[in-house]
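# Chains, contacts and geometry: an overview
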Amino acid sequence: MEQKAIIALVQSVLAETRGFDGYVIVRAQSRREWGMRLSNGHFERVSTGADNGFGVQAFTKNGASGFATSDVLAEGACQKLIEKAIQLAQRNEAIGTKSNSRIWEAPQVVAEEANPAQKAFGEIPLAELEKMVMTLHSRLRDAFLEGVWQTSYRQVEEIWCIGRTDGTNVSFVIPRAVLMHQGTVRDKGKAQSTLSHRSGVDASVLFEELEDHALERKALDRAEFARAVCGAPQLPSGHYPLIIDYGLAKGLAHEAFGHAVESDHMKESVLGEAGKLRKGLRVARPGVNIIDGPLPGDWAYQPYSANGLLRQTVTIVRDGVLEAGLGDVFSAEEAGMPVTGAGRAESYGHIPLPRMSNIRLLVDRLLPLAPLDHLMDEVKAVRETLIQHGELIEGEKNLLLLGYRGGQVNPKTGDFVFQCDGIIDVADPTLPIYEPSIFSGKILSALEAIRGGLGEGCFDAIGTCGKGGQSVASSGGSHRYLLMDADQQVSLGGEHA
Amino acid sequence: MKLVAQLEELLYQAQHTPKKEELRLSDWRILVHESEAVSLGIKDNTPGGVYTPPSYRQGESGEVFLVWADGKCSQAMVQLGSDDDAGHWQQELAQWRQASYEDPDAAHIPSPAPVTLVTVEDRAIHAIFSGDGQILFDQVKRWLTDKPSKAKMQGSIQTAWGYRHVRTSTGLAVTYQQSQFASWFSFDSLIGGGFAKRRLSRPEEQEGLWARTLNLYEAMQIVAPPVGPHTQVILAPSMTADMLGQFILPNFSGDRVLEGQGAFPKESFLKNKLVFHPHFSLLIDPLRPLELGSYLVTAEGVPAVRTVLVHDGRLQSPYLRIKDSVRWGAKPTAIPQGMAGLYLKHKEEIPWGEALQGVEDGVLVLAVLGLHTQEAVSGSYSLSAPHSLRILKGQIVGKTDVKLTGNFFTDLVAPTTKAALSDLDTFPYLMITTGVQTL
């Protein structure tokens, strides 16, 4: 479905709710996806798909809500869905649910945003995309014959329209594309896998990669590193001065701080007190800032919330002090923060939740680091820069954690766990490599331990956030590396039994 | 006109009387789901709040797999459009053709085989959709009435019912009804319990789950002595499932084995290499009535069969979709539905109550942080498990925070590893000796 058709659908659904004395939010979405996966030189899968549908969230006049959704757009389906949503809202009111009438206070917004993609979804024919991806995959295999390689490419276009009883009608297009190389490397009887990606909004990522082969270089470097990790010893568990790359820093900012300031979590968040954001709390040293907001051209770009409000850029931590949260229209006030348009949903079939877009962890105390083409050259440059500026902590290991494999946080207790691809001791001139082990501890201690940054800002660490069982694109980053002091509440893994 | 009927008509015509010769099919397969679902949640002790309202979902969508006359393949997701005009589907067909690719091993649609019947539909769930869904509201009300007064409760109930249609050009035409019921709850986001089957839960199951969760929650309020280096680690059934899902199941996926991306090479399967202790067996069983992992035919139209992955500790077979089975030179196998349908068996399993009595110094791990970040191929883990429960002299005595380091393959091969049966779960408690430290 095209943007105009979706807008018309939303308007027609809203028109059918005119007799209802409550409030209705209608979300319609049209999603197209092309994907392909190559493994060891041949196509494993090429798939196309489309999903169109809409959801109706109805509120009784007292603020009890019900939700109904369908991917059937046939005649009669709209009326049935509206009736279902209203009926469920009324049932909900009857069981004494907690009412929420905040949506009546939301400002009316009318906007129709143009598609930010440079190349329209179908502009490059699928057959041509297949050829380009095969070329990239084959080059990679030829360059690293000992690895088992999978290459995948996915491009998605989501057209959204959100309409509300107050006349709000917001429509926008979210294009996304990602190229990924996954390698499995074996050495000394052990296996390690590695994943590198390049993301953007459209098929331009393939053209760019064919031009500069930046992802290929990264994948090859990571494969060499993974091979070294296969034979690497395990690090004794302990508390060390750390240098984390921007992927891990994004993980820390996203999992540890972003989720802890989402307005629906405040009752169980370590950054909340009596259900309110602990505004003014010093959580880091002066000069540390955490910012969340959409960036044009980014993997997680979304200009409006799924409730039809403008998405704002929020400084969560300013100069080490907790300043603001990610406020959704339904819970921001109760959580003691302004509404920032933070509601996002996986699809028309999901209820929006407050969540991040692109989150960045930045520091004022910055050491220069010129980006280099190869990983180990960059690691050497990190060591040299630290020595030059007297930042290498003498007499102990200074461990550089490379690669973000994901993580998890309990926002209630503040416990976090992250995993990396491997570890390098930059205090040792031979740069010994160690097996990955968990980077864990308490989130407030981790933030307090940040003492500086190395290199320019890199904000393209992408992922998929799974909050509430909904998969939504997320991204973010930091300076190329962050420096952290050793802290008794932040540790690296342990030895095997 | 139903989606499955529209697709059948389209693909039959493209096979026998195509509008354009380049759009001629030699074979095809259709999978369509028609479903309705209702759900209701609890957030922070509030039923049906704005983030977890009572919800209804209706859907009719599926996928097609096509083999063109020149042997190329295509696959696509499909859904019922706003209109069912032939022009729309012809455009789709042309796009699917454009997306075709060479994959000779996949270009194979088997002839229909006899289907073993298994019950996958609970009529009581169907009644929820034809009635008012009161059962969901009653359950939520009961939870909130019975919960510990100080606990902050989260929870959800979901139920679904619908049709599954599978059609192939070789003559398979299967349509059956299936249902699903899932519920979970937690106290303070620390201790929880869940149920998921193709039937409603029985009162005794609800009571058992509630009582167990309540006991664990009470124990969690007491601080227990820390673990020592020789403390036995016991994985709760849900943890056993999580560990199997992270480290074992991916390594039994046929495509990963064939591509050299799994922990075990193909030769190890052919030689029936010993990889677990001989007391352990692992199987996929889609023929257990009303279990979540049960089905009549796979998405590819292969009738359900029991498939043994590991027998007495020895590798038998990976699970094989049609394409992988062609490459492997065997018949397609059963396919797990997530972790549902997978069963781990131990020859000397004893009931959990009995096993607990014999634990002098142990820690019961209910959940860990960061399991999904661990390397599936190596089997190594380094995990933190805050809010575990200490066991001393056969009694759960309180809460402790631990860190685990080890290798799950080593755990499954160790003679010291034991399993204990849970009457509320399909996976056992796993009692292992591994690296454990205070967090």
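Keep in mind the model is a prediction, meaning the values are calculated, not measured.

### Details of the sheet that holds strand β11 (residues 314–315) of chain B
Either a parallel or an antiparallel arrangement is found when strands of a sheet pair, and the pairing is made through backbone hydrogen bonds. Taken in spatial order, the 4 strands make up an open sheet running β11-β10-β9-β12 (chain B), and their pairing is antiparallel. One side of each edge strand has no neighbouring strand; the edge strands of this open sheet are β11 and β12 (342–346) of chain B.

### With respect to the interface of chain B and chain A
Listed per partner, the contact involves 56 residues of chain B and 65 residues of chain A. Where the side of chain B that touches chain A is concerned, the elements lending two or more residues are β2 (46–47), β3 (55–68), β4 (73–79), α2 (86–98), α4 (134–146), β15 (380–392), β16 (395–407) and β19 (435–438) of chain B. A per-element tally of the side of chain B that touches chain A places β3 of chain B first, with 7 residues. Looking at chain direction, strand β2 (residues 42–59) of chain A and β4 of chain B are connected through 2 bridges and run parallel. Bridge assignment links T48 of chain A to a residue of β4 of chain B, and that residue is A76 of chain B.

### Observations regarding the sheet that holds strand β18 (residues 429–432) of chain B
Residue and element names in this part refer to chain B. Reading across from one edge, β13-β17-β18-β8-β14-β15-β16-β19 is the order of the 8 strands in this open sheet, with mixed pairing throughout. Taken across any chain shown, the strands that pair with only one partner, and hence form the sheet edges, are β13 (350–351) and β19. As paired strands, strand β8 (residues 232–235) and β18 are joined by 3 bridges and run antiparallel to one another. Paired with L235 across the two strands is L430, which belongs to β18.

### Regarding unusual backbone geometry
Of note, the phi angle at A274 of chain A is positive, near 50 degrees, even though the residue is not glycine. Look at A274 of chain A and you get exposed, because 8 C-beta atoms sit within 10 Å.

### Here we look at the pairing of strand β25 (residues 472–484) of chain A
Residue and element names in this part refer to chain A. Burial analysis of β25 places 13 of its 13 residues in the buried class, the great majority of the element. In terms of strand pairing, strand β16 (residues 358–363) meets β25 through 4 bridges, oriented parallel. The partner of I359 across the bridge, within β25, is G476. Bridging between strand β24 (residues 450–465) and β25 involves 11 bridges; their strand directions are antiparallel. Bridge assignment links T464 to a residue of β25, and that residue is A473. Between β24 and the antiparallel strand that follows it, β25, lie 6 residues; G468 among them carries a positive phi value of about 60 degrees.

### A few points about the environment of D415 of chain A
Along the chain, D415 of chain A turns up in strand β20 (residues 415–418). A residue is classified by how many C-beta atoms lie within 10 Å of it, and D415 of chain A, with 24 of them, is buried. Expressed as a C-alpha distance, the spacing of D415 of chain A and T430 of chain A, which sit 15 residues apart in the sequence, is 34 Å. If we skip the residues at most four places from it in the chain, D415 of chain A touches V409, N410 and K442 of chain A together with L369, S384 and P386 of chain B.

Calculation criteria
Residues numbered from 1 in each chain as written. Chains lettered and ligands numbered in written order. Predicted model: local features only at pLDDT ≥ 70, side-chain atom pairs only at ≥ 80, totals over all residues. Pairing = 2+ DSSP bridges. Helix = DSSP H or I, 4+ residues; strand = E, 2+ residues; numbered from the N terminus. Contact = placed C-beta atoms within 7 Å. Buried ≥ 20, exposed ≤ 12 C-beta atoms within 10 Å, placed from the backbone.

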